[in-house]
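Here is how the chains run, residue by residue.
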Amino acid sequence: MCGIVGYIGDKQAQPVLLDCLSLLEYRGYDSCGIAVSSRSIEVYKDAIRVAALKKAAPKLSGKIGIGHTRWATHGAPSQLNAHPHLDCTGRIAVVHNGIINNYQQLREQLIGEGHSFTSETDTEVIPHLIEKHYQGDIIKAVEAALAEIDGSYAIIVMVAGEPRLVAARKDSPMVIGIGDREKFIASDVPAILNFTNRVIYLEDGDIGVITADSVKVKQHQAEVTRTENKISWTIEDAQKSGYEHFMLKEIHEQPRVIRDTLAGWMSAPEPILDLEAVRDNGAEAMLMLACGTSYHAALVGKYIVQELLKIPVRAELASEFNYYGQALAGTMAIVLTQSGETADTLRAMKRLKEAGCRVVAITNVVGSTASRIADQTIYTRAGPEISVAATKSFIAQLMALYWIMLSYAKIDASRLSSLTAELRQLPSKVQEVLDNQDRIAECAKYLAGFKDVFFMGRGINYPVALEGALKLKEISYLHAEGYAAGELKHGPFALLGSKTPVVAIVAQDNTHEPIVTSIKEIKARHSPVLAVVPEGDDSVEELADSVIVVPQVEPLFSPVVNTVALQLLAYYTALQRGCPIDFPRNLAKSVTVE
Ligand code: F6R
């Protein structure tokens, strides 16, 4: 939920840390700070964004440093709660991403032992615990401190005057970047891509000792080897390339994402997932689990499985499943997570494994924690997604689901080949939606004048209504609710009227007629209707106040074009309202807390 970074090498650390931090802001941005070490440690931190810190910070001299950008959990955003945090002597500095569950108890114990605290954070217990255990060997002190901690963490520890950094992780991501006579540590690869594309992924339980010339990794006191990986995408892929916002760039990348995502699988000799076992085991067949936007992909996935495989399937919110959910041994569990680091999803994965399920992760981040827990991982090829609002990663998840299920579809051969052919057309269909963005921007201008918006869809487009509403609320701050069209009359109708527009998704399947009926009922209550309609369908032209036309596609694939239209609608509404689109308030890209 926070971003952490470390540098050791022959450059001055401060500019490197600030550069990396600005690429980590998507993980949290309510405060930030850096600490640089030479003989002593100097810290500069505040409840401001990285750009402001760059201007405000004095020159801190030293070639070793750590930095942090925060998404507050314990204690409000403030100068004192910002990281890095120090021990009592001011000689041990720590940055942390994660949550310490037993921090209250540790804090009281440490205060009883004479330590004094300056912040309200859970993190601050870490430097104090290290101080308590430090007897000249920082690695032993970190190991002893971590043994007392219950929780999740990626930490970097720096000691004044010591020419090394110590990094450790448990349930929070961390990579080490390898350069010539310099090393980097970060929560995520894009943060360090300006400097190197050679990375080592630390695993859960690893403790890394990093000097300018070496990386040593220990697990349970024993030295282990972690292989070096070369990142194939560039910093350009992770930057705006002339677009005003990452979100718009990422929306526009979707034709390429669909093409890339499908290309590898279509040419593969084997199906990417073996579903034969699912058919044979006779237990509950399939369970899909995720959070947020990825959950909406899971809901679409449920319709795809029902239509193509005709087997029983459930889609569950990971956060609910963790308290009430059950799964039978032998169930195939497909877990969708863009980041591969969502705490609720990771916890659900562990529960599923304990229950004896076969867990398959669909994720966009190579080496993510989800990929380590899963029995099998399928990588989407969306490339780095920086904007907090998920767009291209969602479409890539849908592509994975379409392709997997088509590989095992229980449908006749001619329908299968026509669906496969249609799937190949999706990049150009999505391009047509993008080419229509001026019209969508006009509709967004109109929508931006309201306070409350309903989205409605039916069947496979019901999750699209949920996703359209989620996108609108998170980036434009308008109150938006997604509904199954048939449910509006069971309560929400009380809110309809001229000030409550409804965005209606019209599909050309068996839901067409009831959706048109719903639109008529809504118009009778004087609500403005903005309809998303396939080309050539003029059934709502007279009824709707505005229409966004999307290309004709096979109804099974309609969530793709409809979602892209709604992403643009949300984007332009937020633009019209002057919102900070890529970094919406209170949100973070990777939700590593439960
Ligand atoms: C919304 C959004 C979130 C994420 C959710 C799960 O635009 O991005 O709702 O979808 O936090 O994240 P992942 O897919 O990383 O598990």
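Residues numbered from 1 in each chain as written. Predicted model: local features only at pLDDT ≥ 70, side-chain atom pairs only at ≥ 80, totals over all residues. Heavy atoms only, no water.

1. Structural notes on the side chain of Ser-393
Line of reasoning, step 1. Positionally, Ser-393 belongs in helix 13 (residues 392–407).
Line of reasoning, step 2. Beyond its immediate stretch of four places on either side in the chain, Ser-393 contacts Gln-338, Ala-382 and Glu-385. (Helix = DSSP H or I, 4+ residues; strand = E, 2+ residues; numbered from the N terminus. Contact = heavy atoms within 4.5 Å.)

2. Observations regarding the pairing of strand 10 (residues 182–186)
Line of reasoning, step 1. Across the five residues that make up strand 10, a large majority, five, are buried.
Line of reasoning, step 2. Side-chain alternation along strand 10 places Glu-182, Phe-184 and Ala-186 on one buried face and Lys-183 and Ile-185 on a second face that is also buried.
Line of reasoning, step 3. Relative to strand 10, strand 1 (residues 3–8) runs antiparallel, the two being bridged by four bridges. By the bridge assignment for strand 10, Val-5 is matched with Ala-186.
Line of reasoning, step 4. From the end of strand 9 (residues 175–179) to the start of strand 10, which pair antiparallel, there are two residues, and Arg-181 there has a positive phi angle of about 55°. (Buried < 20%, exposed > 50% of the residue type's maximum accessible area, 1.4 Å probe, protein only. Pairing = 2+ DSSP bridges.)

3. Details of the sheet that holds strand 12 (residues 206–210)
Line of reasoning, step 1. Pairing is antiparallel in the open sheet, where seven strands are placed in the order 5-6-7-8-12-13-14. Lying at the two open borders of the sheet, with one neighbouring strand each, are strand 5 (85–86) and strand 14 (222–224).
Line of reasoning, step 2. Against the sheet, helix 5 (residues 138–148) makes contact with strand 7 (151–159), strand 8 (165–170), strand 12 and strand 13 (215–219), and its axis sits at roughly 160° relative to strand 7, the strand it touches most. (Axes fitted to C-alpha atoms, helices over the stretch in contact; angles between N-to-C directions.)

4. Things to note about the packing of aromatic side chains
Here the distance between the centres and the angle between the planes together describe a pair of aromatic rings.
Line of reasoning, step 1. With the rule as written, the count across this model stands at six aromatic pairs.
Line of reasoning, step 2. Plain terms: the ring middles of Tyr-402 and Phe-557 are 4.8 Å apart, the flat faces sit at 90° to each other, and that makes the pair edge-to-face. Here the residue Tyr-402 occupies a position in helix 13, and Phe-557 occupies one in the loop between strand 25 (546–550) and helix 18 (558–576), the gap between them amounting to 155 residues. This pair shows no difference in class: Tyr-402 is buried, exactly as Phe-557 is.
Line of reasoning, step 3. Members of the aromatic cluster, joined through ring pairs, are Tyr-7, Phe-184 and Phe-195. (Phe/Tyr/Trp six-rings, centres within 6.5 Å; stacked < 30°, edge-to-face > 60°.)

Without other data, these values stay purely geometric and don't point to any function.
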